[in-house]
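If you want the building blocks of each chain, they are given just below.
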Amino acid sequence: MLASIGSAADPGGPPPVVRHTSSADMEHNTIRVRFAPSPTGLLHIGGLRTALFCYLFARGQGGTVVLRIEDTDRSRFVPEAEADIAAALAWIGLSVDEGPTVGGPFGPYRQSERKALYHRHVKRLIAQGDAYYAFDTPAQLTELRSAGAAYNVATRMDMTNSLTLPADEVSGRIADGQAHTVRLRVPADRTIRFEDMVKGSVTVESSGIDDQVLIKSDGMPTYHLANVVDDHLMQITHVIRGDEWLPSVAKHILLYEALGWHCPAMAHLPLILSPNGGKLSKRSAQRLGLPVNVRDYQSAGYEPEAVVNFLAFLGWNPGTRQEVFSLAELEKTFTLERVGSAPARFDLDKLQWFNAQHLRRLSAQELWDRACPYLVEVAPDHGVAAAALVQDRIILARDLAETYPYLFTPPDDYDPRGVRRRWKQDSPALVEAYAERLSQLASWEESALETALRSLAAEHKVGAGCLIHPARLAVSGTTAGPSLFALLRVLGQTEVVERLHRAVAVL
């Protein structure tokens, strides 16, 4: 509870000097940004975009990245969430300079471990008259909300708080352990203006701001108090966060003023919309069958480089025609000035395009290494060559195993439609003859494989297609895929001849 907060007789420090600041005040300081997720669930893809933009901005400026866990909402705390956040950042390659596991000069980096700091500053706000105790019951608050009223200068005198009660009664209620909160005393008739690095000039009238709760009845700080105190004490110069927090800035500015602190520069990132409109929430994503949490993208087989590239383009563009970027390239290119204020639409097809592009950037060996986890008990000698064969055809590394299984094991069956269309009356004899000819080849180059087929077709007075299509069906079980002769070269002489003979026997 809040018995330790004190009264006006114990100011907790000298009166503050109010200083109005802007991003210009930070120009000569070292850039410090923070990613401050709440561990109330697995990290959402939108949260990862915020982390990415924080990281790119800091790295581009030679600044510091701080990871802070905002775990003051104990009712929604999920034990595994912090580990999930760390794993997600590591997966896409975002390193932090300070945080719960790496330490740093401004720790601890979990808000649940900083409770005494928040109480110390609330004590000061109460002494100054910028905050007050509120003893309102849930029934009173429900009645106020039912009437459509805000808890502010127009209604606070009708409520039960230290502004309406004698000081000794306030002290007695606290001493008796009566449930209470501490609220910010929002001034009347104030126009609050600030410049957002993404949204531009923003103006808010104080008449529309609630007397925000700073300390909850369980003694834990709210987001608003802890956020301001920690950003100041951790020397954060730029606050980069989602658009949903824009309405909180005016409250935070009032807190910064009351405490006599500089306000960091603010940048609020545009919303991410679902493909059919509306905010991309976990519920809307699930309804549309989209991956929701970062680990969903990882388990679905998306490459971390592609996810980074895709997220960077959700609200930002480089001002050039280049679309495919590595993380290192983004660090050199990204600027907040090119982040738009309009919402960005989530497009899964675009993510898949990015994934395909980044797979094409890999060496064949790297692609094979990434595909291996999806291949069960298969480790062929021609794995790297197989990867190179279809590298420009696949979207996910797992496609190597799931779309082209015949690269590693003989087909169990043959596409019925393909058999009807491509396996003609003369196909068995042609395929058998081709198998015999291939078994005698001294060279297994593609040119030799093609020459053998075309010469055989000419001898039988048929078009090359009369042999190409059934031969492909025989070795792959399907009628589409990479160049037949490249496929035969990768599979190898013994394997190809065996598959051709088997198809003739089965079909």
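To keep things clear, this report deals only with the structure shown in the data block. Because the structure is a prediction, the values reported are computed rather than measured.

How each quantity is defined
Residues numbered from 1 in each chain as written. Predicted model: local features only at pLDDT ≥ 70, side-chain atom pairs only at ≥ 80, totals over all residues. Heavy atoms only, no water. Helix = DSSP H or I, 4+ residues; strand = E, 2+ residues; numbered from the N terminus. Rg over C-alpha atoms; globule rule 2.2 N^0.38 Å. Buried < 20%, exposed > 50% of the residue type's maximum accessible area, 1.4 Å probe, protein only. Contact = heavy atoms within 4.5 Å. Areas by Shrake-Rupley, 256 points an atom, 1.4 Å probe, with all protein chains shown as cover. 1 Å grid on protein atoms, 1.4 Å probe; cavity = no way out; pocket = protein on both sides within 12 Å on 5 of 7 lines; lining within 4 Å. Points joined across faces, edges and corners; volume = space filled by probe spheres on them. Pairing = 2+ DSSP bridges. Axes fitted to C-alpha atoms, helices over the stretch in contact; angles between N-to-C directions. Phe/Tyr/Trp six-rings, centres within 6.5 Å; stacked < 30°, edge-to-face > 60°. Right-handed = clockwise from strand over helix to strand, strands pointing away. Core = buried A, V, L, I, M, F, W, Y, C linked by side-chain atoms within 4.5 Å. Salt bridge = Lys/Arg side-chain N within 4 Å of Asp/Glu carboxyl O. Expected span 1.5 Å × (residues − 1).

### Some details on the overall build of the chain
(1) Moving on: Check the secondary structure of the chain and you find 21 helices and 11 strands.
(2) Moving on: For 507 residues, the compact-globule formula gives about 23 Å, and the C-alpha radius of gyration of the chain, at 32 Å, lies well above that figure.
(3) Moving on: Across its three principal directions, the C-alpha atoms of the chain cover 110 × 50 × 35 Å.
(4) Moving on: Counting the 507 residues in the chain, one finds 50% classified as buried.
(5) Moving on: Long-range pairs, those at least 24 residues apart, make up 76% of the contacts in the chain between residues at least 6 apart in sequence.
(6) Moving on: Carbon and sulfur atoms make up 50% of the accessible area of the chain, which totals about 22,800 Å².

### Comments concerning empty space enclosed by the protein
A probe as big as a water molecule, rolled over the atoms, marks out the empty space that is left.
(1) Moving on: Evaluated as defined, the whole model comprises 1 cavity of 30 Å³ or more.
(2) Moving on: Size it by volume and the largest cavity reaches roughly 40 Å³.
(3) Moving on: Of all elements in the fold, only α1 (45-60) and β2 (64-67) reach the threshold of two or more residues within the lining of the largest cavity.

### Focus on the sheet that holds strand β4 (residues 181-184)
(1) Moving on: A sheet is described by the order of its strands in space; here 3 strands give the open sequence β3-β4-β7, paired in antiparallel fashion. For this open sheet the edge positions go to β3 (131-134) and β7 (213-215), each flanked by a neighbour on one side alone. Each strand axis lies, on average, 40 degrees off the axis of its neighbour in the sheet, ignoring direction.
(2) Moving on: With 4 bridges connecting them, β3 and β4 associate as antiparallel partners. Pairing of A131 across the sheet is with L184, part of β4.

### What to know about the packing of aromatic side chains
(1) Moving on: If you walk through the whole model with that rule in mind, you get 12 aromatic pairs.
(2) Moving on: Taken together, a centroid distance of 5.2 Å and an interplanar angle of 70 degrees make the contact between W353 and F354 edge-to-face.
(3) Moving on: For W353, a relative accessible area of 32% gives the class partly exposed.
(4) Moving on: Ring pairs connect the aromatic residues F53, F313, W316, F325, F334, W353 and F354, which therefore count as one cluster.

### Observations regarding the environment of L467
(1) Moving on: Along the chain, L467 falls in helix α19 (residues 465-476).
(2) Moving on: When its relative accessible area of 0% is taken as the criterion, L467 is described as buried.
(3) Moving on: In the structure, L467 is positioned 18 residues away from F485 in sequence and 12 Å away in space, judged by C-alpha atoms.
(4) Moving on: Look past the residues within four positions of L467 in its chain and what remains in contact with it is L430, V431, Y434, L453 and L456.

### Here we look at the pairing of β2
(1) Moving on: Side chains T64 and V66 project from β2 onto one buried face, and the interleaved V65 and L67 project onto a second face that is buried too.
(2) Moving on: Across 4 bridges, the pairing between strand β1 (residues 32-35) and β2 is parallel. Each residue of the ladder has a partner; that of F35, found in β2, is L67.
(3) Moving on: Taken together, β1, α1 and β2 form a β-α-β motif whose crossover is right-handed.

### Observations concerning the nonpolar core
(1) Moving on: Among the nonpolar cores identified, the biggest contains 54 residues, and L48, L52 and I240 are the most heavily contacted of them.
(2) Moving on: Top element by residues in this core is α1. It accounts for 10 residues.
(3) Moving on: Excluding residues that lie within four positions of it along the chain, L52 makes contacts with L94, V308, L311, A312 and L327.
(4) Moving on: Judged by nonpolar contacts, the second largest core, of 49 residues, contains L367, L407, Y434 and L467.

### A few points about the layout of surface pockets
(1) Moving on: Taken as a whole, the largest pocket spans an internal volume of roughly 1,200 Å³.
(2) Moving on: Surrounding the largest pocket, 40 residues form its lining, P37, S38, T40, E244 and W245 being those nearest its centre.
(3) Moving on: At the level of elements, β1, α1, α6 (223-233) and β8 (238-242) are the ones that each hand at least two residues to the lining of the largest pocket.
(4) Moving on: When residues of the lining of the largest pocket are assigned to their parent elements, the largest contribution, 4 residues, is made by α1.

### Concerning the pattern of salt bridges
(1) Moving on: All told, the structure shown has 26 salt bridges when counted by the stated rule.
(2) Moving on: The partner of E257 in a salt bridge is R190, and the shortest N-O contact between them spans 3.3 Å. With E257 in helix α7 (residues 249-259) and R190 in the loop between β4 and β5 (191-196), the pair connects residues that are 67 residues apart, well separated along the chain.
(3) Moving on: Judged by its relative accessible area of 24%, R190 is partly exposed.
(4) Moving on: Here R398 and E402 are joined by a salt bridge, their closest N and O atoms 3.0 Å apart.
(5) Moving on: E402 gets classed as partly exposed once you look at its relative accessible area, which sits at 49%.
(6) Moving on: Sharing partners across several salt bridges, the network here consists of R34, R68, E70, R114, D230 and D231.

### What about α19?
(1) Moving on: The end-to-end C-alpha distance of α19 is 16 Å, a good match for the 16 Å that 12 residues give at a rise of 1.5 Å each.
(2) Moving on: With 9 of 12 residues buried, α19 is to be regarded as a mostly interior element.
(3) Moving on: Restricting attention to buried positions, one finds in α19 the residues L467, I468, P470, A471, R472, L473, A474, V475 and S476.
(4) Moving on: The secondary structure elements touched by the buried residues of α19 are α16 (416-422), α17 (427-439), α18 (446-459), α20 (484-491) and α21 (493-506).
(5) Moving on: Looking one or two residues past α19, G477 carries a phi angle of roughly 80 degrees, positive in sign.

### Brief notes about the environment of L487
(1) Moving on: Topologically, L487 is positioned in helix α20.
(2) Moving on: We classify L487 as buried; its relative accessible area is 0%.
(3) Moving on: Spatially, the C-alpha atom of L487 lies 24 Å from that of E459, the residues being 28 residues apart in sequence.
(4) Moving on: Ignoring sequence-local partners within four residues, the contact set of L487 consists of L389, Y406, L407, V475 and S476.

The values reported here are purely geometric and, on their own, carry no functional implication.
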